[in-house]
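Survey of secondary and tertiary structure
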Amino acid sequence: MRQMRLRRLILLQVACALGLTAYLNLVKTSVERKTLQKAVRTDGNVGFGGKWSPPGRNLSSTSEKVAILVPFRDREEHLDIFLRHMHPFLQRQGIDYVIYVIEQHGGEPMFCKGLLYNVGYTEALKDDPTYDCFILHDVDLLPEDDRNLYTCSKSPLHLSVAIDKFDYNLPYTDLFGGVSAITKSHYRLLNGYSNLFCGWGGEDDDMSLRLKRHMLEISRPEKDVARYKMLPHNHTKENPQRYILLRHWLARAMTDGLKSLHTAGYNVTSTSHRELYTHILVNISKRGGEVYHPW
Ligand code: NGS
């Protein structure tokens, strides 16, 4: 009898200890979540889908609406750091914005950044046709200075002028990659990016040539303002066909881009409004080894 009572007492103590541990874990997780949210949310809440408007903005407001397009694949750790950095940064600037992460999965083994930008542009406008300005943003670049404004101007803007990796110097004058800002109408006029560049390099140089063709000069903020930190990563697989594609840029400029998106061989698998961004999942069908010659 005494032994049974003792056993029951021990069981009760074990149950209490387990219950207390579970409760403490729950509190810990909730505190961690709140700390992350606090780090991300500076002034008011980030709406579901990664939307935010400056307080006091109403429907009749004329301020610019900005879509931040981030092509993405296999870089969860970068995305986490990027989002924690960007929401407070954009809110301090008072930008009316939404962050779109356009993720490539399956099919084509190489990363097709230009095509992902075109899909992001098209899907963002389906989500909200009133965007005026698009920021084209690599996930591994973090702006260092709040004076580097994420808005559009009359001519396309190249914002990542000074990156730590290049000792805060611009590698070449025609560079348009990294982070850029372009109006909705200019993006359309340029026929967006080429859909054909898969693998690292060249899609931004092709865009730069499109700008020249339309006599759109690249503007840049001051070098001491447009400073960026690049997150460390392994070099992505280069596109061996980029120079061949670039040689024929003019023949492709009118057709290859937004206008040929419907034949570019992709489908949007899902669109979901996540806590800190709108997620667009894209499957790009595998391309052959040969350079595709639509021209
Ligand atoms: C050039 C690439 C661009 C690229 C730039 C900077 O060589 O696409 O380097 O790259 N052009 C070609 O390969 C034709 S970075 O080191 O910042 O990734 O944007």
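As a reminder, the structure under discussion sits directly above these lines.
Residues numbered from 1 in each chain as written. Predicted model: local features only at pLDDT ≥ 70, side-chain atom pairs only at ≥ 80, totals over all residues. Heavy atoms only, no water.

1. Comments concerning the site of the ligand
Close to the ligand lie Lys 165, Phe 166, Tyr 172, Leu 175, Trp 200, Gly 201, Gly 202, Asp 204, Asp 205, Arg 242, Tyr 243 and Leu 246. A distance of 3.4 Å separates an oxygen atom of the ligand from a polar side-chain atom of Trp 200. Asp 204 is positioned such that a nitrogen or oxygen atom in its side chain is 2.5 Å from an oxygen atom of the ligand. Starting from 460 Å² of accessible surface for the ligand in isolation, the protein chains cover 77%. Going through the elements one at a time, helix H5 (203–213) and helix H6 (242–247) are the ones with two or more residues in the shell around the ligand. In terms of residues, the shell around the ligand owes the most to one element, H6, which gives 3 residues. For the shell around the ligand, the residue count by class is 6 nonpolar, 2 polar and 4 charged. (Near = heavy atom within 4 Å. Polar contact = N/O pair within 3.5 Å; in protein donor to acceptor, adjacent residues only side chain to side chain. Areas by Shrake-Rupley, 256 points an atom, 1.4 Å probe, with all protein chains shown as cover. Helix = DSSP H or I, 4+ residues; strand = E, 2+ residues; numbered from the N terminus. Nonpolar A, V, L, I, M, F, W, Y, C, P; charged D, E, K, R; others polar.)

2. A few points about the sheet that holds strand S7 (residues 162–163)
Reading across from one edge, S5-S9-S7 is the order of the 3 strands in this open sheet, with mixed pairing throughout. The sheet is open, and its two edges are formed by strand S5 (141–143) and S7, each paired on a single side. (Pairing = 2+ DSSP bridges.)

3. A look at the state of the cysteines
What the rule picks out here adds up to 2 disulfides. With its sulfur 2.0 Å from that of its partner, Cys 112 forms a disulfide with Cys 198. With the S-S dihedral at roughly 105°, the linkage between Cys 112 and Cys 198 falls on the right-handed side. Placement of Cys 112 in the loop between strand S3 (96–105) and helix H3 (113–127) and of Cys 198 in the loop between helix H4 (184–189) and H5 is noted, with a sequence separation of 86 residues between them. Exposure class is identical for Cys 112 and Cys 198. Each is buried. In this model Cys 133 forms its disulfide with Cys 152; the gap between the sulfur atoms is 2.2 Å. Handedness here is read from the sign of the S-S torsion; for Cys 133 and Cys 152, about 80°, the answer is right-handed. Linking Cys 133 in strand S4 (residues 133–137) with Cys 152 in the loop between S5 and strand S6 (157–158), this pair joins segments that are 19 residues apart in sequence. For the pair Cys 133 and Cys 152, a shared accessibility class is recorded, and that class is buried. (Disulfide = S-S within 2.5 Å. Buried < 20%, exposed > 50% of the residue type's maximum accessible area, 1.4 Å probe, protein only.)

4. Here we look at unusual backbone geometry
Of note, the phi angle at Asp 74 is positive, near 55°, even though the residue is not glycine. Among the secondary structure elements, Asp 74 is positioned in the loop between strand S2 (65–72) and helix H2 (76–92).

5. Describing the pairing of S3
For S3, a buried count of 9 out of 10 residues is recorded, marking the element as mostly surrounded by other parts of the structure. As paired elements, strand S1 (residues 51–52) and S3 share 2 bridges and run antiparallel to each other. Along S3, the bridge assignment pairs Trp 52 with Tyr 97. Across 8 bridges, S2 lies against S3 in parallel orientation. Residue Phe 72 lies in a different strand from S3, and its bridge partner there is Glu 103. One ladder, built from 6 bridges, connects S3 with strand S11 (residues 278–284); its direction is parallel. For Ile 102, the partnering residue across the bridge sits in S11 and is Ile 280.

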